[in-house]
Amino acid sequence: MKLVLAIQNAYQKLRKNNIQSALLDSEILLSKAINKSREFVILNSNHDVNKKEYDYFQKMVSQRSKCKPVAYLTQKKFFWKHEFYIKEKVLIPRPDTEIIIEQVLKIYKKKNNINFLDIGFGSGCIILSILKERKDFKATGIDISKDALKVCKINANELGVKNRLRLFKSDIDKFSKGKYDLIISNPPYIKNLDLKYLEKDVIKFEPKLALDGGIDGISEIRKIIKKSSELIKIGGKLILEIAYNQKQEVKQLLKRNGFYINSVIKDLAKNDRCIISTKIED
């Protein structure tokens, strides 16, 4: 079968199942099935797809039509400047989260040998991207998911930064190793009752553990702020990703725990997304 026909069939199936990005997804999945780039798929419409490749493609299209995310089907997701290995039970990196990396690089532009902690590292997309950018930084990561630990180790190996990285399977409550210049976290921050309103791709397939912020949406953030105030050096920065409507509550929590609020950064959609604060008192 020709590439062009394979794409048409997949596109129609995905459209029928209300997949908004039907054409893009078809191209990405076909490039995975034939082990070529998406550009190759677009530019070589008359290329023949063999039966084995087409069967694999069909299987992926069928799963995508049931809303399974493309990143879980291809086992990869591009984030910042690198492709990350992704698998189910680990949160798929989001473009908005790149804000954390931008801010870290801006704040520490003229500072060397920063020792930082990432709470809930998931695939490792934030912690590893920062280590890749700054060869003099060292990092520690904690996560309660053993799947995240496996995936992050694979990505650290792939990016060549594992010698500057320590990873622990631990809850933030039980973690007490070291004092840090900087702590970053993209914690679960969705209210328990709001989970059901998320897109099917997310709620049916992504790990609830990485999304569920408890009844008020800030139960994990509360724990992180409290523990960070013990783990961070005076003058150290805490950078947190938050939901668009959590700014005031999180600011209050930070102030109560001895942090000064430096700034609140908006995401691509102009929603409050990231709070930067400095530890000023014990």
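All values reported here derive from a predicted model rather than from experimental measurement. (Residues numbered from 1 in each chain as written. Predicted model: local features only at pLDDT ≥ 70, side-chain atom pairs only at ≥ 80, totals over all residues. Heavy atoms only, no water.)

1. Side note on a positive patch on the surface
A contiguous patch of positive charge, built from Lys13, Lys16, Lys66, Lys200 and Lys204, is present on the exposed surface. Every element with two or more residues in the positive patch is listed here: α1 (3–16) and α9 (200–205). The residue Lys13 is located in helix α1 in this model. (Patch = residues over 30% accessible without salt bridge, like charges linked within 9 Å, V, L, I, M, F, W, Y side chains within 5 Å. Areas by Shrake-Rupley, 256 points an atom, 1.4 Å probe, with all protein chains shown as cover. Salt bridge = Lys/Arg side-chain N within 4 Å of Asp/Glu carboxyl O. Lys, Arg positive; Asp, Glu negative; His and termini not counted. Charge placed at Lys NZ, Arg CZ, Asp CG, Glu CD. Helix = DSSP H or I, 4+ residues; strand = E, 2+ residues; numbered from the N terminus.)

2. A few points about the packing of aromatic side chains
Summed over all chains, the structure comprises five aromatic pairs. On the numbers, 6.1 Å between centres and 75° between planes, the contact of Phe79 with Phe84 is edge-to-face. Each member of the pair, Phe79 together with Phe84, is buried. Ring centres 6.4 Å apart and planes at 90° place the aromatic pair Tyr108 and Phe137 in the edge-to-face group. Placement of the pair is Tyr108 in the loop between α6 (98–107) and β3 (115–119) and Phe137 in the loop between α7 (125–133) and β4 (138–143), with a sequence separation of 29 residues. What makes Phe137 buried here is its relative accessible area of 0%. Through a chain of ring-to-ring contacts, three or more aromatic side chains come together here, namely Tyr108, Phe116 and Phe137. One residue, Lys36, lies across the ring of Phe40, its end atom 5.1 Å from the ring centre. Here the guanidinium or amino end of Lys279 rests over the ring plane of Phe259, the centre of that ring lying 5.3 Å away. (Phe/Tyr/Trp six-rings, centres within 6.5 Å; stacked < 30°, edge-to-face > 60°. Buried < 20%, exposed > 50% of the residue type's maximum accessible area, 1.4 Å probe, protein only. Lys NZ or Arg CZ within 6 Å of the ring centre and 35° of its normal.)

3. Quick notes on the nonpolar core
Nonpolar side chains tend toward joint burial in soluble globular proteins. In this structure, Val104, Phe116, Leu128 and Ile184 are the most contacted members of the largest nonpolar core, which totals 38 residues. Going through the elements one at a time, α5 (70–74), α6, α7, α8 (146–159), β5 (165–169), β6 (180–185) and β9 (272–279) are the ones with two or more residues in this core. Top contributing element to this core by residue count: α7, with six residues. Grouped together as the second largest cluster of nonpolar side chains are 28 residues, Ile119, Val202, Ile225 and Ile232 included. (Core = buried A, V, L, I, M, F, W, Y, C linked by side-chain atoms within 4.5 Å.)

4. Things to note about the sheet that holds β9
As summarised here, the arrangement of the seven strands in space is β5-β4-β3-β6-β7-β9-β8, forming an open sheet in which the pairing is mixed. Single-partner strands in this sheet number two, and they are β5 and β8 (259–266). Going from strand to strand, the sheet's axes swing by 15° on average, the running direction of each strand aside. Bridging between β3 and β4 involves five bridges; their strand directions are parallel. Residue pairing in the sheet places Phe116 in a bridge with Ala139 of β4. Strand contacts of helix α10 (residues 219–231): β3, β6, β7 (232–241), β8 and β9, with the helix running at about 160° to β7, the strand carrying the most contacts. (Pairing = 2+ DSSP bridges. Axes fitted to C-alpha atoms, helices over the stretch in contact; angles between N-to-C directions. Contact = heavy atoms within 4.5 Å.)

5. Regarding the pairing of strand β1 (residues 76–79)
Side-chain positions along a regular strand alternate between the two faces of the sheet. In this structure, β1 lies alongside strand β2 (residues 82–85), joined through four bridges in antiparallel fashion. In the strand pairing of β2, Phe78 is matched with Glu83. In textbook terms, the turn of a hairpin is the stretch between consecutive antiparallel strands, and for β1 and β2 this stretch comprises two residues, one of which, Trp80, has a positive phi near 60°.

6. Some words on the pattern of salt bridges
Enumeration according to the criterion identifies 19 salt bridges in this entry. For Asp55, the salt bridge identified is with Lys51, shortest N-O distance 2.6 Å. Taken together, the residues Asp55 and Lys51, both in helix α4 (residues 51–65) and four residues apart, mark about one turn of the helix.

7. Things to note about unusual backbone geometry
Even without glycine at this site, Gln75 takes up a positive phi of about 60°. Mapped onto the elements, Gln75 comes out in the loop between α5 and β1. With a relative accessible area of 36%, Gln75 lands in the partly exposed category. In this model, Lys270 sits at a positive phi of 65°, which is unusual for a non-glycine residue. For Lys270, the position within the fold is in the loop between β8 and β9. For Lys270, a relative accessible area of 63% corresponds to the exposed category.

8. What to know about the environment of Val250
Inspection of the secondary structure puts Val250 in helix α11 (residues 247–256). By relative accessible area, Val250 is classed as buried at 0%. Each C-alpha atom of the pair Val250 and Tyr85 lies 32 Å from the other, and the pair is 165 residues apart in sequence.

Function cannot be read off these values alone, since they describe shape.
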